[in-house]
Amino acid sequence: MKHLLFTVAFACLPPSIHAEEVKDFGRERLNNSPRHGEWVDLKSGQRTIKAFVVYPERKDKAPVVLIIHEIFGLTDWARSLCDELAEAGVIAIAPDLLSGQRLEDVDAARKATYALPKGQVKADLDATAEYALTKIPACNGTLAVCGFCWGGGVTFAYANENPKLKAAYSFYGMAADEPSKVANIACPVYGFYAENDERVNATIPKAEELMKAAGKKYEPVIYKGAGHGFMRSGEPNNPNVREGDKKARDEAWKRWKSLLKQL
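Note on numbering: residues in each chain are counted from 1, in written sequence order. Reporting of local features is limited, given that this is a predicted model, to residues whose pLDDT is at least 70; pairs of side-chain atoms are given and counted only at 80 or more, and all residues count toward the totals for whole chains, interfaces and linings. Neither water nor hydrogens contribute to the side-chain values; these are computed over all heavy atoms in the structure.

K.L.:
Let's hear about the overall build of the protein chain: which residues, and what values?
P.N.:
From N to C terminus, the protein chain includes ten helices and eight strands. Taking 2.2 N^0.38 as the reference for a compact globule, 263 residues should give roughly 18 Å; the C-alpha atoms of the protein chain span a radius of gyration of 17 Å, in line with that estimate. Seen through its principal axes, the protein chain has C-alpha atoms that stretch 45 × 40 × 35 Å. Only protein chains enter the accessibility calculation, which uses a 1.4 Å probe; a residue is then buried when its area is under 20% of its type maximum, exposed when over 50%, and partly exposed in between. Put simply, the protein chain has 263 residues, and 58% of those count as buried. Pairs of residues are marked as contacts when any of their non-hydrogen atoms sit within 4.5 Å. Within the protein chain, residue pairs in contact and separated by at least 24 positions form 72% of the contacts whose partners lie at least 6 positions apart. Values of accessible area rely on a 1.4 Å probe in the Shrake-Rupley scheme; residue burial ignores everything except the protein chains shown. Carbon and sulfur atoms provide 50% of the accessible area of the protein chain, an area that totals close to 11,200 Å². The positive charge centre, built from 36 side chains, and the negative charge centre, built from 34, are 5 Å apart in the protein chain. For helices the rule is a DSSP run of H or I covering at least 4 residues; for strands it is a run of E covering at least 2, with both sets numbered from the N terminus onward. This radius of gyration counts C-alpha atoms alone. The globule rule is 2.2 Å times how many residues there are, raised to the power 0.38. Charge assignment: positive for Lys and Arg, negative for Asp and Glu; neither His nor the chain ends contribute. One atom stands in for each charge, and that atom is NZ of Lys, CZ of Arg, CG of Asp or CD of Glu.

K.L.:
Before we move on, can you summarise the sheet that holds strand β2 (residues 47–54) with the specific residues and values?
P.N.:
With mixed pairing, the eight strands of this open sheet are ordered in space as β1-β2-β4-β3-β5-β6-β7-β8. Sheet topology places β1 (37–44) and β8 (218–227) at the edges, where each strand pairs with a single neighbour. For this sheet, the mean inter-axis angle between neighbouring strands, taken without regard to orientation, is 25°. For helices, the axis comes from a line fit to the C-alpha atoms of the stretch in contact; other axes are also lines fit to C-alpha atoms, and the angle between any two N-to-C directions lies between 0 and 180 degrees. The strands that helix α5 (residues 118–135) touches are β1, β2, β3 (62–68), β4 (91–95) and β5 (139–148); relative to β1, the one it contacts most, it runs at about 120°. Between any two strands, pairing holds if DSSP finds at least two bridges.

K.L.:
Which residues make up the pairing of β5, and what are the values?
P.N.:
The buried count for β5 comes to eight of ten residues, which makes it a mostly enclosed element. Inspection of the sheet shows β3 paired to β5 by six bridges, in the parallel sense. Looking across to β5, one finds that Val 65 is bridged to Ala 144. Note: β5 against strand β6 (residues 165–171), six bridges, orientation parallel. Along β6, the bridge assignment pairs Phe 148 with Phe 171.

K.L.:
Give a description of the pattern of salt bridges that names residues and reports values.
P.N.:
Salt bridge, as used here, is a side-chain nitrogen of Lys or Arg placed within 4 Å of a carboxyl oxygen of Asp or Glu. Applying the stated criterion across every chain, the model contains 22 salt bridges. The partner of Glu 209 in a salt bridge is Lys 206, and the shortest N-O contact between them spans 3.7 Å. With a gap of three residues between them, Glu 209 and Lys 206 both fall in helix α8 (residues 204–213), about one helical turn apart. Taking the relative accessible area as the measure of exposure, Glu 209 reaches 49% and is therefore partly exposed. Connected through salt bridges with shared partners, the residues Arg 29, Arg 35, Asp 83 and Glu 87 form a single ionic network.

K.L.:
Could you give an account of α8, with specific residues and numbers?
P.N.:
All of the buried residues in α8 are Ile 204, Ala 207, Leu 210 and Met 211. Within α8, the buried residues cover an arc of 125° as seen down the axis, which keeps them to one side. Facing away from the buried surface of α8 by more than 90 degrees, the exposed residues are Lys 212 and Ala 213. For α8, the elements touching its buried residues are α6 (150–159), β7 (189–196), α7 (198–201) and β8. Where α8 terminates, the next one or two residues include Gly 215, which has phi positive at roughly 75°. By arc we mean the arc of the directions from the helix axis to the C-beta atoms, nothing more.

K.L.:
Can you tell me about the packing of aromatic side chains, naming the residues and giving the values?
P.N.:
For Phe, Tyr and Trp, rings pair up if their centres lie within 6.5 Å, where Trp contributes its six-membered ring, and each pair is then called stacked (planes under 30 degrees apart), edge-to-face (over 60) or tilted (otherwise). Under the definition given, this model contains 16 aromatic pairs. When the centroid spacing of 6.5 Å and the interplanar angle of 55° are considered together, the rings of Phe 148 and Tyr 172 count as tilted. In this pair, Phe 148 sits in strand β5 while Tyr 172 sits in the loop between β6 and β7, placing the two residues 24 residues apart along the sequence. Since its relative accessible area comes to 1%, Phe 148 is described here as buried. Judged by centre distance (5.8 Å) and plane angle (20°), the ring pair of Tyr 169 and Tyr 190 falls under stacked.

K.L.:
Tell me what's going on with the pairing of β6, and back it up with residues and numbers.
P.N.:
Counting buried positions over the seven residues of β6 gives six, a clear majority of the element. Where the polypeptide runs from β5 across α6 and back to β6, its parallel neighbour, the crossover connection is right-handed. In terms of strand pairing, β6 meets β7 through four bridges, oriented parallel. In the strand pairing of β7, Ala 168 is matched with Val 189. With the strands aimed away from the viewer, a crossover counts as right-handed if its path from the first strand over the helix to the second runs clockwise.

K.L.:
Hey, could you go over unusual backbone geometry for me, with residue numbers and the actual values?
P.N.:
In the Ramachandran plot, Cys 149 falls in the positive-phi region, its phi being about 60° despite a non-glycine side chain. Among the secondary structure elements, Cys 149 is positioned in the loop between β5 and α6. Phi at Tyr 172 takes a positive value of approximately 40°, unusual for a residue other than glycine.

K.L.:
An account of the packing of helix α3 (residues 76–87) against helix α10 (residues 243–260) is needed here, citing residue identities and associated values.
P.N.:
Interaxial distance between α3 and α10 falls to 12 Å at its minimum, and their mutual angle equals 50°. It follows from the interaxial angle that α3 and α10 lie oblique. Note on element contacts: α10 touches α3 through Arg 249, Trp 253, Trp 256 and Leu 260, opposite Trp 77, Leu 81, Glu 84 and Leu 85. Tallied by class, residues from the contact of α3 with α10 come to six nonpolar, no polar and two charged. Roughly parallel refers to an angle under 35 degrees, roughly antiparallel to one over 145, roughly perpendicular to one between 65 and 115, and oblique to any angle outside these ranges. Classification used: nonpolar for Ala, Val, Leu, Ile, Met, Phe, Trp, Tyr, Cys and Pro, charged for Asp, Glu, Lys and Arg, polar for all others including Gly.

No statement about biological role is implied by the geometric values presented.
Written as structure tokens, this is what we have:
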């Protein structure tokens, strides 16, 4: 299958992003979590990559959600998001697509992400998905994917690449822009967007048109008063948290948890 990843995903970080939106959060949640989290090694072709897995506290098997991180790498914030998902009852697994790099400088992060070979990213996501479905005994066989910013764009694209997905949750990522990028989507795509993010939001109408024409389910929601990156910048432990982002994050989580229960 022709790799379609990144064709709309790469421009996902606005050049005007503020420094406080890049700053990493999440270590306190990780240190205080009662849930089990661990690093695992998995094979991706001839390479070995690392992924972070967090398990929910439940007595039965659970769905797995694959997390595609922002351009800043698998930061403490991204790993804390894994824990937050596990708290909501699912197994969360996040592959380290930047091979250990943690980049808070926007230009360095953008450069490192743009340098990733498209085929390598798809292979790493495929390897993570296969690991989740075959190597995690607590998995019930259900797999979904989510992503943020750059990862949100990749999430929409990956929904077109992996027919095993049961749902895709794209957070403020560029949406599909041509028929070939939605033709193979086999699961619902749920979009979470910020009102003050017209560069990304401008891609929504075309994606709605394409998904409707292809008979696919696409449900975008735009959160009022929020800026791009609100799932990170709206963190309550962000000393510079903006009220609009915090409110959007709370509303998005409420919706997301409801959707996760449908897996």
